[in-house]
Structure formats: C-alpha cells, structure tokens
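Listed below are the residues making up each chain.
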Amino acid sequence: MIGNEKIKKILYGGDYNPEQWPEEVWEEDMRLLKLAHVDIVTLNVFNWAMLQPGEETYDFSKLDKIMDLVRQNGLKVFMATSTGAYPAWMARKYPDILRTPNNGIRRKFGRRHVFCPNSPTYHKYAAALVEKLAERYAKYDNIVAWHICNEYGGACYCENCEKAFRKWLQKKYGTIEELNRVWNLPFWSHTMYDWEDVVVPSLLTEEFESDGIRTTFQGISLDYARFNSDSLLACYNMEKQILKRYMPQISVTTNIMGMIKATDYQKWSKDMDFVAWDNYPNAEDDAAEVAMRHDLMRGLKQGKSFALAEQTPSVNNWNPVCRLKRPGIMRLWSYQAVAHGADTVMFFQMRRSIGACEKFHGAFIDHVGNEDTRVFREVKALGEELENRVKGLTLGARTHADIAIVFDWDNWWAAEYSAGPSRLIKYCQEVKQYYKALFSGHYLVDLISVEDELSDYKLVIAPLLYMCKEGYDEKLREYVRQGGTFLSTYFSGYVEDHDLVVTGGYPGRLKDILGIWVEEIDALPSEEENSFIYKGRTYPAQIACDLMHLRGAGELAHYESDFYAGMPVITEHIFGKGKAYYVGTRSSEAFYLAFISDIAKELQITPVINAPEGIEATVRENENGNFLFLLNHTQDTVVVPVEQAGKDLLTGKEYSKGDDVVLNRADVVILQR
Amino acid sequence: MIGNEKIKKILYGGDYNPEQWPEEVWEEDMRLLKLAHVDIVTLNVFNWAMLQPGEETYDFSKLDKIMDLVRQNGLKVFMATSTGAYPAWMARKYPDILRTPNNGIRRKFGRRHVFCPNSPTYHKYAAALVEKLAERYAKYDNIVAWHICNEYGGACYCENCEKAFRKWLQKKYGTIEELNRVWNLPFWSHTMYDWEDVVVPSLLTEEFESDGIRTTFQGISLDYARFNSDSLLACYNMEKQILKRYMPQISVTTNIMGMIKATDYQKWSKDMDFVAWDNYPNAEDDAAEVAMRHDLMRGLKQGKSFALAEQTPSVNNWNPVCRLKRPGIMRLWSYQAVAHGADTVMFFQMRRSIGACEKFHGAFIDHVGNEDTRVFREVKALGEELENRVKGLTLGARTHADIAIVFDWDNWWAAEYSAGPSRLIKYCQEVKQYYKALFSGHYLVDLISVEDELSDYKLVIAPLLYMCKEGYDEKLREYVRQGGTFLSTYFSGYVEDHDLVVTGGYPGRLKDILGIWVEEIDALPSEEENSFIYKGRTYPAQIACDLMHLRGAGELAHYESDFYAGMPVITEHIFGKGKAYYVGTRSSEAFYLAFISDIAKELQITPVINAPEGIEATVRENENGNFLFLLNHTQDTVVVPVEQAGKDLLTGKEYSKGDDVVLNRADVVILQR
Amino acid sequence: MIGNEKIKKILYGGDYNPEQWPEEVWEEDMRLLKLAHVDIVTLNVFNWAMLQPGEETYDFSKLDKIMDLVRQNGLKVFMATSTGAYPAWMARKYPDILRTPNNGIRRKFGRRHVFCPNSPTYHKYAAALVEKLAERYAKYDNIVAWHICNEYGGACYCENCEKAFRKWLQKKYGTIEELNRVWNLPFWSHTMYDWEDVVVPSLLTEEFESDGIRTTFQGISLDYARFNSDSLLACYNMEKQILKRYMPQISVTTNIMGMIKATDYQKWSKDMDFVAWDNYPNAEDDAAEVAMRHDLMRGLKQGKSFALAEQTPSVNNWNPVCRLKRPGIMRLWSYQAVAHGADTVMFFQMRRSIGACEKFHGAFIDHVGNEDTRVFREVKALGEELENRVKGLTLGARTHADIAIVFDWDNWWAAEYSAGPSRLIKYCQEVKQYYKALFSGHYLVDLISVEDELSDYKLVIAPLLYMCKEGYDEKLREYVRQGGTFLSTYFSGYVEDHDLVVTGGYPGRLKDILGIWVEEIDALPSEEENSFIYKGRTYPAQIACDLMHLRGAGELAHYESDFYAGMPVITEHIFGKGKAYYVGTRSSEAFYLAFISDIAKELQITPVINAPEGIEATVRENENGNFLFLLNHTQDTVVVPVEQAGKDLLTGKEYSKGDDVVLNRADVVILQR
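Worth saying up front: this structure is predicted, and the values here are computed from it rather than measured.

**Notes on the relation of the copies chain C and chain A**
A rotation about an axis combined with a shift along that same axis relates the two copies of the chain.
Right, on to step 1. If you rotate chain C by 120 degrees and push it 0.0 Å along the axis, it lands on chain A with an RMSD of 0.0 Å. Taken together, the rotation and translation relating the two chain copies correspond to the operation of a three-fold axis. In terms of proximity to the rotation axis, the leading residue of chain C is C:Ile105, whose C-alpha is 5.0 Å off the axis.
Right, on to step 2. Both copies present different contact surfaces, since only 2% of the interface residues of chain C are interface residues in chain A too.

Printed below as a string of structure tokens:
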C-alpha cells in the first residue's frame, strides 16, 4: 500500500462489512461510497465463520461476490484475513483455541481477539484459511495490501502458553542456572531445577491487583510480557509467510493501535511492510497526545509514511460517554494524521451495523441510510478535497526532526512493574510530559527506539530510562562523546535487561555520562511537592525526588525544601564534545518547555513556527516540495505570520513572506513551499 | 388472600419463624402477637432442611405443632413452601442444584436463593416437598393464601442452564438462520451452524464488567435475561400447579420486590393470583421512589389491590449504615402502601433471630423479649388502629388515574446493555424523573406495561422507549389518532424486539407519530450541560442531547448552546385527534413538572389536591366510598384545605369543604368521602 | 534470645541473605556489618529450595559456609527454618501444598507464605527439613534463638482445609445438634445432619465482598477464622516440637506482625518462648498507632520484653508511594520500640537485593555497595550508641501501667462480620481512639487479653466488647465489685462466644455491671453526627448512638438532638466497691482525653510527664533502675521539665529535679533514675 506505485493519491475509505447486510443494500452502498469519493475499502475483517462453516468445508461465494462488486466499482481493497475471530464451532470442538485470562479460568466462545496465540488449533486453521484466501484472491490486482488479523492484543495464560513459554525461555537462557540468575530466583526460595518448574506468571502465581497488575517477581512478569508479544507476533508472521509465498511483491501489514502496552510494536514493525494504525483517542486525550502517537507510529519505520487505517467519522461507541466529534474535527484530525506522516485517511466504518456492540459507532452511512446527514456531508467534502486538492502531493513525504525522544516497551513494562519507589511513576505519562513541551514549543520530534541511530539528532531525550539495556549506555556514551546532547531523568539507569539492578550506584552505567550519583529517591504523594528555581522562576518537583551528588556535572537547580534542600535536582555535564542533562524529578510542562527551549537555542534547533499554543505545526518534505501543516486545535481564530512564501494546497491561496495565515477554529492550511 | 371473602379487614402481621426457637418461647409469642393485634403470620419460609432431613425422609412434626398453635390462637396463615433454600445434604449429593455465577465458578452450599432454576434435582425435590405440603395442610382453613418460595432473583450460568437456553431459543426462533439474524451474528464472525454453538453469555464469553455488566452482543445478553426470568418463573409455576391440584380455589402467589431487574414481573404477574411485595427502600430513597414502586406493583394486576408482604418495623440489617426508622415513620410508610393499593400491612419479622445475618434486622419482638419497647408500642398502636379504625373499609379499593407511565423490563435490560451513547442513561432513573414530577404535582398515575390498554388514559408517557416492540408503535399510533396524548423522550424507538436497529432514521417506527427525525445524539459528561428555554424559564439539558429535525412537529424549545444551538429539543405534534410530545434530552424535575402540568391543564387532568411538596395524596374508591389519603413526609406541620367534605377514618373527625386538614410531621389522614 | 543469659546488650542487626550473592561479596559484608556494630544476623529465612533441591536430596553446603562465616566473625544468629516458601518442584509434584483463596481457585507456584496449613505434603517436608536443620546446627552456640517460618498469615480454603475444619468442629462441638445450635443453622434452612455437610465458608458459600469480606453466617465465618489461626499455629508447633527435641533449652519463636487480623496472637504467644515482631508502619500511621502495636505485642507475654525482629532502615518497597524515613527517624523509632519493651533492634535487611520485588526496600548496605551513604551512617551511629551507651542496661525492664485496654481477636472478627448496625464500626479503630487519648495524656497503658488478670489495674477499658465470652462478665463483675473501675462502650455485650445474641436486652450480661439497658442503636452515616455536653463542652456523637435507659447508673451526658435528644449517652454506675462507666457512642479524641483524665484523677493515676502532645513518654524498670524514655515526634524543639533527677543514658548528661530536658526534632532521652 504505502510505497505501492499503483497509489497516486491519499487513499480514502475504510472498513466495509457488506456480509452483515442483504445484497440489495450493496448497490446503494456503492452509490454512496462513490459520492463520498471513497477509493479503498478494508474487507474481510471478520468473516471466518462465514468462510469456513465447518471443519472440512469452506464457502467463498459471498466474498467472491463482494470482491467482484468492489472491483467493478473501481475500489481498491485493503484485504484482511479474518483471523481475529474464530468460528463458534471451532471453539466448541477445540477449546485450546480459547484464551485463558490471568485468573486462570479458560474462556468460552465470545467476543473477538481472544484466541490463544499458542493454540495448535488456531495455528492450523488460521494457516489453512489464509492459504485459501491467498490462493483465491492473489489475482485481484485491486488489492493494494493485505491486512492480517485485526488489532492483536491481550494475553493468554493457558497450559499451551506455559509450555511455549518454557521453550522460549530455554532458547533465550540455555540453562536453568542462567534462568535462576536472571530472575534472581534464590530470592524467596524460588530456585528452579527443571524447566517444568516454570509456571506462567498470573494472579495465581506472582501477580496481584493493586492499581493495575503488580508482581512479586519483576523478571518473570517482564519476560512473560516479552513472550506474549512475541507469541502474537508469531501468529502474524505465520500468516505473512503464507501470503508472501503466493504474492511475493504484495505489501503485508496489520492494523496496530498506537501506545498499546501488550505489544512491542518496535519489534513488530520489523516484520510489517508498512505501519498501519487505528487512531481512537480517548475522551480526555488532547491534540498533543494524538500527535505523540502519530510520531511513535511514524518512528516504527524510521520516518517512513504510514497508513491511518481506522478512525471514527463521528462517534465511538465504547466510551462511557460517547461525545460526537464536533463539526470540522473529523477533517482536522484527518489532516493531523497526514501532517505527521499518514498517506491514507481511513475509517471504521462505511455502514453502521444494526445489531451488537458497534451499532452506535459512527459510520459514513448512518442508520437513516442516506446521504442527508451532517456526517456524510463532512466525509464527502473531505473525500472531495483530498482527491481534488491534496491529491498525491504529500505521499511519501518525510519529516526531519533534530530532537528525538526515546521510547521503549521494555522500559514501559519494567518501570511499571517495579515495587517502589512509587506507583505514581507512569512511563507514558513521563514521556508525554516531554513530548507536550516540545509540541507546545512547535518543535519537530521523532519518537525512536533504543535500536535507532542517534547521530542524526542534535538532542536525544530519554525519560525514565529505568532499564538501560546491554550496549545502550555505550551507544549513548559515544553519541555524547561525539558532540550529541543527551537528557535523561530520575529513575533511569537502574537495571539491565533482566531488571537486575546495576550495582555501584544509580544511575548505573549512565553515571559517567551524566556526571552524577543518585544516592536515594524520595517518593512524594500526589498532593505534596517540593520545588526548585530555574532561571529565576520556581517550578514544582513532584512524585519522585532524586537525592543526588555531583560527580562532574554542574548544578542548574537545587531543591528548595525538605531535608534535601540544597541538593542538586537539575544538572548539566560536559562529556566529550557533547553534553548530558539530568532532571532528577517530575516537574511541570512549563519547566520542560523553558528548559528544553534553552537547550534548543544553544543547539540552534528552531521551532517550526512562532505561534500560540493550540496551533499545531509540522513539516513534511518530498520531491514535490516542503509542506508546512498548520492546524488550529483551539476554539478561536488565530493569526500565524508566514515566514516563507508558499501556496495553500487546500484553498490554492498564495502567501508571501510576512503575510498572515488566518486560521479559524478547526482550520487547516498546508503550505507547499 | 386478596379477594378472599374470608378477609374482612386489612391483614396485619408477617414472617414468623418459631422453628428457630425452643417451644417454650412460642406461648409468649402468641401473647405478644395478640397484644399487637396481629391476625396473620407468614410461616414456613425457610424450613426445607427441617422438613426433609434426608433423601427419603420427611418430618412435619414441628411444622404441625406450629400450624396447630397458630390456628388455636386464631391466626391466619400466609403459607410458604420453603423452597427458597435447599438443605445442605442435597447440595452435597447433587451439585447440579448449586448456582453458577457469571464468572463460571459453581458455588458450594451456602446463603439462600441460590438454586439453579434449571436443575433437575431442584425441580424433582421441590415438587416432592410442595406435594407433601399441599397434601398435609390443604385442610387448614386458616391458610388464606400460599406463598411460593421466596424473593426469586439472580441468575445462573451453568451447563444445565446452557442446555435449557438452547431449547428456549430453538422454541422461540425455530431455525439457526433466524438466530443468526436476530442476534446479528455475522458481526465479529459469530455465525452459528448448530444450536450446540450457543453458550450462555457471561464474563467468560460476551460480557465484562465496567460500571455494571456490559456485553458485546446485546441480543444474546437480552435473550438470556428473558430466559433467566422465564426459568425462575417456571420454578414458580411448577409449584403453583401442584398447589392448585390440591386446592383449586386457594390463592397462590410469591413475594416479589418492586423494581428488580432480573425478573420481568409484568410477565410473572399473569401467573400470580395476586401481587404480594416486599418493600425495603434503600437509605437514599425518598417517598416518591417508594410510591413509584407501589404503583408499579399495583399496575401488574391492572390496578387490583395488592399485599404488602414485608417491610421492617424498625431497621434493616443489610445497609452499610442501618438507620432506625424514626418514630411514626413505620406507620406513615404502612399507610403509604395502603394509599397506593395495599390490602395488607405485613412485616418481616415477628421475633428477632439470635444468630446469623438477620439478627440485627428489626422485629415486633426485640432481643429484650418483651413489649416494653418503642417499636412494639408503635406496631401495637398501628395494629389497633387498623383493626378499630380502618377495618375493612378500603379493601379492594381502586385508583383511577388519567396518566400512565409505560414501564417495560425489556427496555430496562436493552437500554442499559447498549454500548453508546452513554452509560449515564439509566432506565429507572429516567422513569423516576417523570414519576417524581407527577408525584410533586399530586397527580395520580399508573405504571403500565406495553400490553396494557391505553384508551383509559388521557396522557401516556413512555420515557426511554428505546425498544419499541412489534405492534407497539401501532398501538400508540392508534391511541394518539383517536385523541390520546403521548409523550416520549430521547433514546426511544431505536430498536425492535431483538435490539436490532430500525433503519430509516430515529426514532424508528415512532417517527410519524412524533413528527420528528433524530439525526444524531450527543452524550454529555455528568459535569456538563446544555440548556433550553421553555415559557421564559431556562432548564438544563443533560446526559444526552438529540440533534433533531422537525418532520411535522412544532418546536416548543430549542438548545441554547453548542454547535446544535437552535435545534429543537422539545416538540409537539398534532397527530390524528391527539398529540405527541417529545423531550429530546434529560432535564430537571422542575421542567418536567412545568411541562406536564401544562399538558395536564390542556387535557383537564386535575391534581388530587393543591398542597406543597412533601405531602403525598392519593385516592382509592370502592363500594364504601372514595378515600382521600393525605400523608405528610416533611418534618413540618402542613395545612391542606379540604376541597370535598369527608370524615377521617383514623380520628373520626369530620371535615367540611373549606376546612383545613392540619398534618404534623408523619401524620396521616384518610378522608372517607 | 530474650532472657537468654548469653545476651548482655540490646542485639543489633537483622536479616541477612548472602545466598543471593556470590561468595566474593561475603567478606565485604562482614567488614561493613562490623563497622555498623551489628552483632546478630537472622539467617536462613528463605532457603528451602536451596537446601532441598529434590525430593530425596538435601544440600547444606552453602548454609554451612554461611554459618561458619558469621560464627568466625563473632556474629550471633537468629536461625530461621526456611519453611515460609516451598520449592517450585514441590508445588509441581504435590499441588496440595498450594493455597486456595476464598474464590475457590487453587493457586500455582509463586510468591511466598502461600502454603496450605493443612497440606500433608507441607507438614511432611517441613518437618523433615526442620529435623535436618536442628540436627545439623544444634551445635552452633552462636545461635541465640530459632525463628520458625516467617510472618504466618492469610487463609486457605481448599479441600484439605475443609476436612480439617470438620474435625476441628467435631472436636469442639461434639454433636451435629450442637453445631446446629451454635451456628443457628435453622435460620435459612441450613440445618446439617452430617459433618460432611459442612463446607468452608468462602465467596462460594456464605461470604461476599462489600467493603471487605461480609458473611451471611457469622458463626461459621467466625469459627473458620479461629480454625485458620489454629491451623497456622499448628504448623508452628509442629516445627517447634522438633526443635525442642534437639535443643530443649533453646528459645523458639516466630516473627509476628502487630495487629494482624488472621492470627490470634494472644493464643499464639502461649507457644512462643518470646515475642518477636516486625514493625512496618503504613504511611499514614502516627506514633500513637505504632506505640499501640508495641504495647499489644508486649502484652502478649504479660509485659515481658520482646524482640523488634524487623523494621526498615530507610524505605519500604511495597507502599504505593515509598517515602524515605527522614534523617533521625530510624533512630527515633528504634528507641520507641525499646521504650515500649524491645530488647533488640533488628532490621530487614543487611544488603539490598538486586532482583525481584524487594530490591527497592531499604538496607544497611545499599546498591552502591559501600559505607558512604546517609543510611549507613545512621545505622552505624545507632549501632555504636546502643553498644557504648545503652549497652544491656534496659534489658528485661518492665513497664507498670495502671490502665489496661482489653484487646480481643474474637471481638475483632465478630464485630466486623456483623450485619448491622454499621460497617463504619471498626474494632481496631475504636480501640485506637481510646489508646490515642491515653497516649496524648502520657498515661502508661497495657493492652491485655480477656484471659489476663484485671486486679493489677485501677482502670480497665474494653472498647466494643461486642462479644462477652463465657465467664468474662463474671470476671469483670468481680473486678468492679472489689473496687475496680471499668469502662465500656456502645456495641458491647451483645453476643456470647458463638455470636449468638444474649437475650433479655443489651448489653447482655454486662447490664447489671453498667446499670443500663440499651433499647436500640441508631447508626449515623459518616457525614452526620449528634452531640452531647460533658462538663460544659460539646462533643460529637458519631457512627452509632445507643438509645439507652438508666437501670441504676447515673447520667453524665445526654444527646442534644434527634428524636432521642435527652436520652443518656455517657453514664456512671457505682457497683460494689467500684465503678462502671459507659460511652454509648463514638466521640472525639478530645472527649476521650477529657473523660479518662477525670477518671484517672479520681483514681489517682498520674501521667508519666506533663508535656505537650507529640512527646512520647514511657517508663521501664529493672534491676538497673527506672528508665524514663522521652521521644520527640514533633518537628519542633520541645522543653520538658524533669520531675525526678536522673542521667541521660545517651549523652551521659545529668539532670536534677526542675531542670529542663530540651528535645529537638526526633531527639531521644533515656533518663536513668
């Protein structure tokens, strides 16, 4: 799909489920989709039961009809494999396919996305189905990419998973002695003498619930998180290999979901031909939060453009309170995706179901069944605009950021499993604090993994780098030594890959780079705070306060109160040709903005624009030029001065240097320069 | 009991459990009950283990003694069957009798009301016991009615229920294709090919917990709610048939509980000879809430009087904080029941237990064991008053209301299973808003089912008629066409009987009657609101706001803010000879009162009295006259002018037209006119 | 240990886990422990898996090395038996060892302290291990005491427990008829005919969750609480008997935990040679709360000194927010333990682990691995001070209190299982209200069991004596008759040993002593209160209000509002040569202080000192003199006048009568007089 030379414009469309409707509705669907300028549909997401009515029988007749219908109507297809929900008869005959949650009670048939990833039955029948699909539909050249399964996630704790976990461990650690070492099993008499001693960590074993799932053996739970992510990925790869056997050239992917804890997408993305993701912000998410997820998704493929695979045209059905997307917001958020690297604008769903839990989820075609709705008018206008104005101009365009934030699933898992210093420490929350400051300051930023290159960036920020994996300290050391600037925070450098503390003082192997020694960490309840003064202004110190000693670094601020008043909290360390900053506490967005702006100034990193908060600005570049995206997330009209001449793709209006761009509420401008 | 010609007065008494006490206490009980003017006791509610010590053995010796004792003492009996709690040995030998909650883990012996309604063992042994009871006690002519089991409720999810559910579905839907259609099973690949594919919906399948039980397949969960209610009802009918075989003339019923979600009492009441219910308000319930439940209970039998089967003389034991009923409140609430149609005033319990969980539940005879208590003095005084003042005068009296509120269990289940638009939408809460307005305005009201006749009413209000069942739109259409006035609200008319959306625009088949089209529905969090102006006053619009278009109706008010400011929110539609009103949002009680008062005025519906809030007024009529009940629920003395001459049953005082009735806190007046 | 003539000073040290570390670290440990003046280590707490690698194999080689190492380094040993956590292989082979929680789902291997106390496997292999340990290490004369298992607690609900419970009941009650009587089983048809009918009470049977675990059969749940405590105690005694067989003279104990509901320590303490306890205050606990637990622990052995077996040097790891102990607090709290009777100051742990859930729990030796930390400096200074200043002077000293508070596990269980009058009634909370008043008033107090002698006390306070066990009323009656003063509260005297109400009026068998009759009890929600005036000041009446009649007692205060305004709430009754006071509600600490101070004055009980709140004062006496402990828990400097000359053990400073002791924040003074 992405990178497919058949694609000449931003693809527009989304999930289409005609199998839920009588055939007489299909022709009307075609009329309405055309009216809305739809050019792609995602098909066959949940058809397993229809395609395989029994163990030995398959029935592709209805899918054939659908495929022919959409091809005849000139629609491209994002072709799913239907393996996200198995048939009822399969669950009844082969209970091993049913997932077992962490309470140890095996499920029965129901819901979706609840297969056991290590079920032999699942692997056998999913493979058989995909084989048949590949064979049958390989010839449809309107299929632009394959979409494996759907929104992989969750975890299983059954006996098949237990067996597979033992094998995974054996492969990873070789000997039981090494397992005892990395999990620190002599603690609490857990020493194991046989691989069979290993049980899956769950609420029956090491884990318990208290503000989420806690564990008494972090190493075990952490490895299970890795194993489970790998198990789901193995399901994906099982299908991918079959598809590639039949269609070596076709793009294959799955629709992922942004910041989802269960699945290490940085590992997954290596096996995905392009990134496709479903953007469903929660009611409380702001524009920065969504932007961050787009940047994370873009980062999975080192900046390559991605597919926005799903979003709602109007309303989600699963929120406790389902607010409508206000007029213009669907368009604004669609362009936000494009501004961050999307080459498609796709939705769930084309026609609203009449039964079961998604019947009140928004759609192009509402229950009223015609085009005379606010939502249809909005999606039609956007379809028209994308087709006639944006066309294919931004396809493949890339964003060049000088600042990177390190994001790492292992850190997410490990930092939040930790017993102490504080359950208020939330990995994504910490990352978001830094992201939001950069977003407010209109800086471009990449979210990168610990495997990504650092040398392209002037500033690398690694919040809560609790786990500094084997070799990563050396990578950072080299980066700074060669002139890079590094910023890290409290609760960093504590452990190596297995959550074993690096002795000799915190922050472990980062000590020399940062030029500090953290002796203790004091946790503050949410209603209390310390403070520090940075450049004359007082900022809060919250949640966790490092009690820190300088070991080469210089102090930029110190605590103002409590028994550690006067101890450094913000430091700066010249190391090689570069510098390393350290923020020994959680502070406010205002501090992060002030502090990082100072660093950026020193590093000659300039913001994209100079504009008030609530205006989002990004830049993408390709062979068609440089595109400045301006999006107004506020409720007001805002004026942004143009620093470089250009033409707005959407209106055709030309702006000279010094002109004002006037953005009303929810307005979007794409200046081609 | 009710309608039994042997009954000449309001029966007074309640649950009596002498089997928990040594026999030497019984004579003292008799003395005290007589002192309190008790004339009826409910016996044998929890004696199964005593009556059937083993599989083959029965022992009625103690029950015989009790029966003889109360007969000798001139007491009538409301005779229970003891099937609400099975013996321990039965649970041990036949685990199929044990209920399985929605987590899939079968219970062990304990508590009560926890039999599986589809257990063969339960049916076999309950039938055997009832047969023996019927045979043995048929001859006791002081038994005025039989009381089957006790407070049926809850749900089971075991394999026997699963099998029975499949049969129930097969009978209802005939073919698996029809099942696939009504449950919309093509969604999420749920298509079934065999009845064996059906599993009970539970936390192991489609359901999950999040502000109560949610489901991903509303159709399945809804049918299970119906099935479960039917299963419990089948247990009741199994016993009833046996009793009727032995005593064709005797009244048979069971004690129900007001607004209980698990049991569709409108369906149940058809099999109950009279309605008997247990009134246990929660700490936070006000007088209107209790009144509403009385009216719902009265409506089950189309206005026939009912039995107040249980209430506490002084204190419940199960509340987190068990407040005492203040002096006079027990009497006030007893008369409230009578005011709404009760022909009995009965209590749980006569003597307070000394062990287990109800030992701190109130009783006529407290642990101190004598008559020198506040509570005994109050119950004695009430018993005396009922016997000497009220006598049988109000028996069988009926209330004639011009206003009906439609209440429907299917709507309760379906509206609250819905995923979207808002979990803040609560069926009973919505009904209560309307009821409270009518209560405050001193209007008489009936709570009716969708099967009840409409033509007797001038105004029919159907709040949240989310599910408009087959034919009900036609019934409403005809009613309005013939001159009736109908009022409905947001989230009405969406689905048919199986929770499948009626396409073509909301509110589905009610569109033409109401003269509107609802395009979208916006959900508001509890801390936000919109507003509208009605007759010069501003009222809130909360929880859900319809985005509505007039299709024949006229606008009475529109939204004041947000992007749908100016769109209609309250409408009026002339249809045939009648009118249909629509309230497109949740508003305040003040609005409902103002709005409905205007409608009432137009329809010449007059309030019972003109009095301040907190004074409750109802009217009942029979061959003895017309009885105006006045109850003071406030803490103050209130004066109510008499509009029609009459004599107070309780004091004998005569009032002429224009006189003032002075009601002190908790006072009751019953004017016979 | 305690009372061991080899002990000449306050022992200092704690848990040491060298088996988690490579041997090369051990020598450094020895250097650092010596530096910190450590003289005792607790060893072998969690080594079962190491010591018994398989069913037939044992391996003591590493433990031998450790034992030799510490002996060579002159360290004493508190020798644990490692039975708190079984090996993984054992759980795999013998699942009966795994605990089954109250949801009925058996655990799998994981965590610790999760053996089934009635598991044959556990008993067999724990016995075998202890036998081998006893045999092998009996000869080590640096072992000063044995430490069985670790922190016994929790409960199991498996089939082995069920069988054992039946036997326990059979032994206790003899006949099934008696069981039916004491559990009041005729209620709800629970009558049993066979011991096999008994099932363990759990969430599958009588219990449910609602603000903690509730039950419908208090008698059953109460007996299970007793049985479970006994089952755990039987595990302890099984090990103890083996140890005593090998070492008849050695002291044997287990580390208990203060106020832990599951384990009736008053019963346990009879089998413990001395009391050893782990002091881990929660974040919200104040000094009074900790003091109360120390006094409870001291009371277990009728005032004998005890071992402080564990506390953290700096930070717990399991709190949601893990605050550091502020500088000086570790020392202050260590001396608080000594002030209340501790003869040891011991910690968990000597060296911080690097993996699993306790790696962020404080230790003498932190992850940095050296002595240059705040925490090490503090523990070293304290070690030095104890060795050089306090030495053995306070060993064995006793506290003589005139006031006793009755604390009783059965009351804790029973009062909180009660359904009604209010779940806001919390046993420990009520006890603590009284304790805090006495603490604020600087009175010495003992916490005693219902088996302890009363005659030594001038005042006995029994808050919430809900259950007045067989004979205890007579003991109290005799005490008061002979001149003692007794104070009790609302919700006292209701039930006998089996939670069966004593009929004839509340407070049951205490009525004559207190001279009152409580007719009803009104429960108040937490946001409401009544009030009363005592000696001119108004105090609140909260949670529960007795509606009480005088039956010989005199009224000291009455309610000011509600329908029971004017009824007595505080009473005084002259009975024999003594007096009985009654407080019919929950009031404020200010009231308790005022009221008890008046009583104390009358009884000529004097406070230890006259000082502001926040200064703690205790007195201990032995053959070396009388020691006045003064501890400053405030943040300020406080001056306390010396009423009796003495010398401060810690500074050597001499004080004459009338001198001022100046205590800075966290300061401690121990005046030897």
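So much for the structure itself; the text now carries on.
**Some thoughts on the packing of aromatic side chains**
What characterises a pair of aromatic rings is the spacing of the ring centres plus the angle enclosed by the ring planes.
All names here are of chain A.
Right, on to step 1. The final tally for this structure, using the stated rule, is 155 aromatic pairs over all chains.
Right, on to step 2. Ring geometry for Phe165 versus Tyr224: centroids 4.8 Å apart, planes at 85 degrees, classification edge-to-face. On the criterion of sequence distance, the pair formed by Phe165 in helix H6 (residues 159-173) and Tyr224 in helix H8 (residues 218-246) is long-range, its members being 59 residues apart.
Right, on to step 3. Site record: aromatic cluster; members linked through ring pairs are Trp48, Phe115, Tyr122, Tyr152, Tyr236, Tyr265, Trp268, Phe407, Trp409, Trp412 and Tyr427.
Right, on to step 4. Its guanidinium or amino end placed over the ring of Trp21, Arg351 lies 5.2 Å from that ring's centre, counting from NZ or CZ.

**Considerations on the interface of chain B and chain C**
Right, on to step 1. With 51 residues of chain B at the interface, the matching set in chain C holds 58 residues.
Right, on to step 2. Taken over both partners, the interface formed by chain B and chain C buries close to 4500 Å², and the fraction arising from carbon and sulfur atoms is 57%.
Right, on to step 3. Considering only the surface of chain B that becomes buried against chain C, B:Lys108, B:Arg111 and B:Phe360 emerge as the three largest contributors, covering 15% of it.
Right, on to step 4. For the interface between chain B and chain C, the tally reads 8 salt bridges.
Right, on to step 5. Residues C:Asp197 and B:Arg92 are paired through a salt bridge, measuring 2.8 Å at the closest nitrogen-oxygen approach.
Right, on to step 6. In this structure, the connection of chain B to chain C is made through 28 residue pairs in polar contact (both at pLDDT 80 or more).
Right, on to step 7. Residue assignment for the side of chain B that touches chain C shows that the elements contributing at least two residues are helix H2 (48-51), helix H4 (88-93) and helix H12 (374-390) of chain B.
Right, on to step 8. Per-class residue counts for the side of chain B that touches chain C are 25 nonpolar, 10 polar and 16 charged.

**As for the environment of B:Ile220**
Residue and element names in this part refer to chain B.
Right, on to step 1. Along the chain, the position of Ile220 falls in helix H8 (residues 218-246).
Right, on to step 2. Ile220 sits 180 residues away from His400 along the chain, and the two C-alpha atoms are 39 Å apart.
Right, on to step 3. Here Ile220 is in contact with Phe165, Trp183, Leu185, Pro201 and Glu206, once residues within four sequence places are set aside.

**Concerning the packing of helix H5 (residues 120-137) of chain C against helix H8 (residues 218-246) of chain C**
Residues and elements named next belong to chain C.
Right, on to step 1. Two numbers describe how H5 lies on H8: the axes approach to 9 Å, and their chain directions differ by 30 degrees. Relative to H8, H5 is oriented roughly parallel. Regarding H5 and H8, the two cross each other, and that crossing is right-handed. Contacts between H5 and H8 pair Tyr122, His123, Ala126, Ala127, Val130, Glu131, Ala134 and Glu135 from the former with Ala234, Cys235, Met238, Glu239, Ile242, Leu243, Arg245 and Tyr246 from the latter.
Right, on to step 2. Broken down by class, the residue content of the contact of H5 with H8 amounts to 11 nonpolar, 1 polar and 4 charged.

**Some words on the sheet that holds strand E3 (residues 76-80) of chain A**
Residue and element names in this part refer to chain A.
Right, on to step 1. Strand order in the open sheet made by the 9 strands is E7-E4-E3-E2-E1-E11-E10-E9-E8, with parallel pairing throughout. The sheet is open, and its two edges are formed by strand E7 (251-253) and strand E8 (255-256), each paired on a single side.
Right, on to step 2. With 4 bridges connecting them, strand E2 (residues 40-43) and E3 associate as parallel partners. The residue bridging Ile40 from the neighbouring strand is Lys76, located in E3.

Rules used in this analysis
Residues numbered from 1 in each chain as written. Chains lettered and ligands numbered in written order. Predicted model: local features only at pLDDT ≥ 70, side-chain atom pairs only at ≥ 80, totals over all residues. Heavy atoms only, no water. Least-squares fit on C-alpha atoms with pLDDT ≥ 70 in both. Contact = heavy atoms within 4.5 Å. Phe/Tyr/Trp six-rings, centres within 6.5 Å; stacked < 30°, edge-to-face > 60°. Helix = DSSP H or I, 4+ residues; strand = E, 2+ residues; numbered from the N terminus. Lys NZ or Arg CZ within 6 Å of the ring centre and 35° of its normal. Buried area = accessible area lost by both parts, 1.4 Å probe. Salt bridge = Lys/Arg side-chain N within 4 Å of Asp/Glu carboxyl O. Polar contact = N/O pair within 3.5 Å; in protein donor to acceptor, adjacent residues only side chain to side chain. Nonpolar A, V, L, I, M, F, W, Y, C, P; charged D, E, K, R; others polar. Axes fitted to C-alpha atoms, helices over the stretch in contact; angles between N-to-C directions. Parallel < 35°, antiparallel > 145°, perpendicular 65-115°, else oblique. Left-handed = near helix turned anticlockwise from the far one by under 90°. Pairing = 2+ DSSP bridges.

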